[in-house]
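For reference, the chains in residue letters:
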Amino acid sequence: MFNQVKGTHDIILNDAEKYTFVEQNLVAVAQTFGYKEFRTPIMEYTELFNRSVGDSSDIVRKEMYTFEDKGGRSITLRPELTACVIRSMVNNKLFVNQDYPVKGYYVGPCFRYERPQAGRYRQFNQFGIECVGSDSPLRDAEVILLGYQCLANLHFYGVTLKINTLGDEESRNAYRKALKEYFAKHIDIMCNDCKARYELNVLRILDCKSPEDQEIVKGAPKIKDYLTPKAKEDFEKVLKVLDDNQIPYTVDESLVRGLDYYSNVVFEFHYSTPSGTDYGALGGGGHYHSLVKECGGPDIPGVGLAFGIERLVTILDEYNAFEEFKPALDAYIMPIGEAQIEYGIQLANSLRGEGFMIEICLENKGMSQMFKKAQRRNAKYAIIIGEDEVKNGTVNLKDLEKAEQVTISIDELSDKLGEQYHEEHHCCCHDHNEEEHHCCHEHDDEEEHECCYKKNRK
Ligand code: HAM
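Calculation notes
Residues numbered from 1 in each chain as written. Predicted model: local features only at pLDDT ≥ 70, side-chain atom pairs only at ≥ 80, totals over all residues. Heavy atoms only, no water. Helix = DSSP H or I, 4+ residues; strand = E, 2+ residues; numbered from the N terminus. Contact = heavy atoms within 4.5 Å. Areas by Shrake-Rupley, 256 points an atom, 1.4 Å probe, with all protein chains shown as cover. Lys, Arg positive; Asp, Glu negative; His and termini not counted. Charge placed at Lys NZ, Arg CZ, Asp CG, Glu CD. Salt bridge = Lys/Arg side-chain N within 4 Å of Asp/Glu carboxyl O. Buried < 20%, exposed > 50% of the residue type's maximum accessible area, 1.4 Å probe, protein only. Core = buried A, V, L, I, M, F, W, Y, C linked by side-chain atoms within 4.5 Å. Phe/Tyr/Trp six-rings, centres within 6.5 Å; stacked < 30°, edge-to-face > 60°. Lys NZ or Arg CZ within 6 Å of the ring centre and 35° of its normal.

For the rest of this paragraph, the subject is the overall build of the chain. Scanning the chain from N- to C-terminus turns up 17 helices and 16 strands. Dimensions of the chain, computed from the C-alpha atoms along their principal axes, are close to 90 × 55 × 45 Å. Within the chain, residue pairs in contact and separated by at least 24 positions form 70% of the contacts whose partners lie at least 6 positions apart. Per element, the accessible surface of the chain, about 24000 Å² overall, is 47% carbon and sulfur. With 54 positive and 77 negative side-chain charges, the chain shows a spacing of 8 Å between the two charge centroids.

Now the structure itself:
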């Protein structure tokens, strides 16, 4: 028996379906905002992260999975995707003759050597977006709206959006100076991490989790007193869009985020869970002024965000939110006797082609064993095929919940299974009214648009 590597986890069976469901929802939102997919390699040259995420960040200092390859090059498993996506945009010359902003979304694994705990893994999955090439603060606001929409689509109600500005370069230089002066008086009694942060990036001290240091942080100067008029105005523009769109937020002046590339607006989405467990932020992001240039591209800013899929799935699970998505088999086909199996395979194939979820017993088992298998698979129907049925082109269709059985012709079978689907899945095409069931509102003709029970099953 081999164990999983510490801090990693298998995502399998029903759990894998939850991940797919969440990822598909997030991607669908990004697509409605006009984002296109980026799939970048899992490993990059280490220098990319040193430069972008930053030498003073915990991620680069302590958490990267870095190794030398056989050619002596230093390689790192990506701890995040922003730097990778920007690197890819630069390498693929997307900033040449492109309509700005260039917009990309991504889903995939990241690696950080952190202490494993609730919501914190060493391999975890992120969904994120990057929007590059616009210096309008309205783009920053739009990215936050996108993040909020992602959570709304997954039915996260009562999300806390924490937001802050780190100001532009000039604001931050003045602020750093003020912080250095303030912390100089306290640094001797602060934690070792803070001592290192004091030298490397004093802003990061604001993020310290030690309760004693937090007390000292409370008395530190506030960024709002060091913002240039332009930085202040940009931040106000972002907040106004949030107000206009009824997005609740809290300005949190200690929010600095753990990556070095941010400037101006930064934000995080938090959520309290029924169990009270703190899984950390669901997601976060912000504006970056110099990252694209640092990665060898033009001097243009960008903005982005990322969600941790593990955290979203874990919290939805706490709410039993996946109960309603539990996939049930439409039918389990039970051929009685070896001779009926081939007929069953053809039937299964044709029903699957129409989009139904079908399994069939190919192992020539007895009736009671096949009924048990159907039950374990949560099948809605059993389709029982004996010699007579093969001869007559019929099947015995048993509704396993109602325990009712009818014999019907195979030509009627798909319509019968479809009826059940409509009743249970709020099908958008017939009987239902558009407002209640998110009807495909432009389509009114099932035949023309291929009814959703056959094609567009969720
Ligand atoms: P981040 O805050 O480091 O930002 O990570 C984003 C999200 O990834 C976190 O809010 C959390 O949900 C998830 N996450 C981070 N570390 C772990 C972990 N060890 N285990 C499980 N989940 C984790 C970034 O990575 C930035 N690249 C976001 C961004 C995009 N900023 C601009 N564009």
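Below, the discussion takes up the pattern of salt bridges. Evaluated as defined, the whole model comprises 28 salt bridges. For Asp58, the salt bridge is made with Arg197, and the minimal N-O distance between the two is 3.7 Å. In this pair, Asp58 is assigned in helix H3 (residues 58-63) and Arg197 in helix H7 (residues 192-200), connecting sequence segments 139 residues apart. Given a relative accessible area of 9%, Arg197 falls into the buried group.

It is characteristic of soluble globular proteins that their nonpolar side chains tend to be buried jointly. One finds Ile86, Met89, Phe183, Ile205 and Leu206 to be the most contacted residues of the largest nonpolar core, which totals 53 residues. A per-element tally of this core places helix H4 (residues 82-91) first, with six residues. Each residue touching Ile86, except ones within four places of it in the same chain, is listed here: Val132, Tyr288, Leu291, Val292 and Cys295. Within the second largest apolar cluster, 45 residues are counted, among which are Phe127, Leu151, Ile247 and Ala321.

Here we take up the packing of aromatic side chains. Taken as a whole and judged by the stated rule, the model has eleven aromatic pairs. Ring centres of Tyr175 and Tyr226 lie 5.6 Å apart, and the angle between their planes is 40°; this geometry places the pair in the tilted category. Note that Tyr175 is positioned in helix H6 (residues 169-184) and Tyr226 in the loop between helix H8 (211-218) and helix H9 (229-244), a separation of 51 residues in sequence. The rings of Phe156, Tyr271 and Tyr319 are connected pair by pair, giving a single aromatic cluster. When the ring centre of Tyr198 is taken as reference, the NZ or CZ atom of Lys180 above it lies at 4.3 Å.

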